[in-house]
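Below, each chain spelled out in residue letters.
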Amino acid sequence: ADQESGYCISQLPDNLKPSGQPTLAVAGLPDQFVAVFANGYEDGYCSNLKEHVIGTPPAQIYESEFECCQENFADQRLGYCVSQLPTALQPSGQPTLVVAGLPDQFVAVF
């Protein structure tokens, strides 16, 4: 790490040498999702791949895939965009509980 000459790295094959460019996550740019309408609204989805994000106005970039789907494809008949989310992020249709309970609702437990 402190070798000034860079000799060790220079001995690596070209495809393994660091490029100086940031490494992209497996799925693309972190926290940058944009709507993709390539096949029309009903087949639209959100992507964080570099080729989709680069050049997109900042106002059209969302921090999460879910937020992007919600803002751009909320009225899809079959919910294609939301179906592309990782299973853990797909809405369940069940209300979200806040800190182990429903907000402002209490019952006596005997």
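Per chain, residue numbering runs from 1 following the sequence as it is written. The model is predicted, so local features are restricted to residues of pLDDT at least 70 and side-chain atom pairs to those at 80 or more, both for listing and for counting; the totals for chains, interfaces and linings are taken over all residues. Only hydrogens and water are set aside when side-chain values are computed; all heavy atoms of the structure are taken into account.

**Q** Let's hear about the pattern of salt bridges: which residues, and what values?
**A** The term salt bridge refers to a side-chain nitrogen of Lys or Arg lying within 4 Å of a carboxyl oxygen of Asp or Glu. In total, this model carries one salt bridge according to the counting rule given. With a closest N to O distance of 3.9 Å, E42 and R77 form a salt bridge. Of this pair, E42 sits in the loop between β1 (34-36) and β2 (45-47) while R77 is found in the loop between α3 (65-73) and α4 (80-83), placing the two residues 35 residues apart along the sequence. Only protein chains enter the accessibility calculation, which uses a 1.4 Å probe; a residue is then buried when its area is under 20% of its type maximum, exposed when over 50%, and partly exposed in between. With a relative accessible area of 27%, E42 lands in the partly exposed category. Think of it this way: any DSSP run of H or I at least four residues long counts as a helix, any run of E at least two long counts as a strand, and we number them from the N terminus.

**Q** Lay out the state of the cysteines in plain terms, naming residues and giving numbers.
**A** Criterion for a disulfide: a pair of cysteine sulfur atoms at a distance within 2.5 Å. Going through the model one piece at a time under the given rule, you end up with two disulfides. The disulfide partner of C46 is C68, and the S-S distance across this bridge is 2.1 Å. Its torsion about the S-S bond being -85 degrees, the disulfide of C46 and C68 is classed as left-handed. With a gap of 22 residues between them, C46 in strand β2 and C68 in helix α3 connect regions that are remote in the sequence. Comparing C46 with C68, the two get one shared label, buried. Each disulfide pairs two cysteine sulfurs, and for C69 the partner residue is C81, the sulfurs being separated by 1.9 Å. What sets the handedness of the C69 and C81 disulfide is the S-S torsion sign, and at about -75 degrees it is left-handed. On the criterion of sequence distance, the pair formed by C69 in helix α3 and C81 in helix α4 is long-range, its members being twelve residues apart. Per residue, the accessibility class of C69 equals that of C81, and both read buried. Of note for the protein: the bonded cysteines, numbered N- to C-terminal, pair according to 1-2, 3-4.

**Q** Mind laying out the packing of aromatic side chains, listing which residues take part and the relevant values?
**A** Two rings from Phe, Tyr or Trp (for Trp, the six-membered ring) form a pair when their centres are within 6.5 Å of each other. A pair whose planes differ by under 30 degrees is stacked, one over 60 is edge-to-face, and the rest are tilted. One pass over the structure, following the stated rule, counts two aromatic pairs. A centroid spacing of 4.9 Å and a plane angle of 45 degrees characterise the contact between F37 and F73, whose relative ring orientation is tilted. Taken as a pair, F37 in the loop between β1 and β2 and F73 in helix α3 lie far apart in primary sequence, 36 residues in all. Plain terms: the ring middles of Y41 and F73 are 5.7 Å apart, the flat faces sit at 45 degrees to each other, and that makes the pair tilted. Here Y41 is found in the loop between β1 and β2, whereas its partner F73 is found in helix α3, with 32 residues between them in sequence. Residue class for Y41 comes out partly exposed when judged on its relative accessible area of 31%. A relative accessible area of 3% means that F73 is categorised as buried. Each residue in the set F37, Y41 and F73 is aromatic and connected to the rest through ring pairs, giving one cluster.

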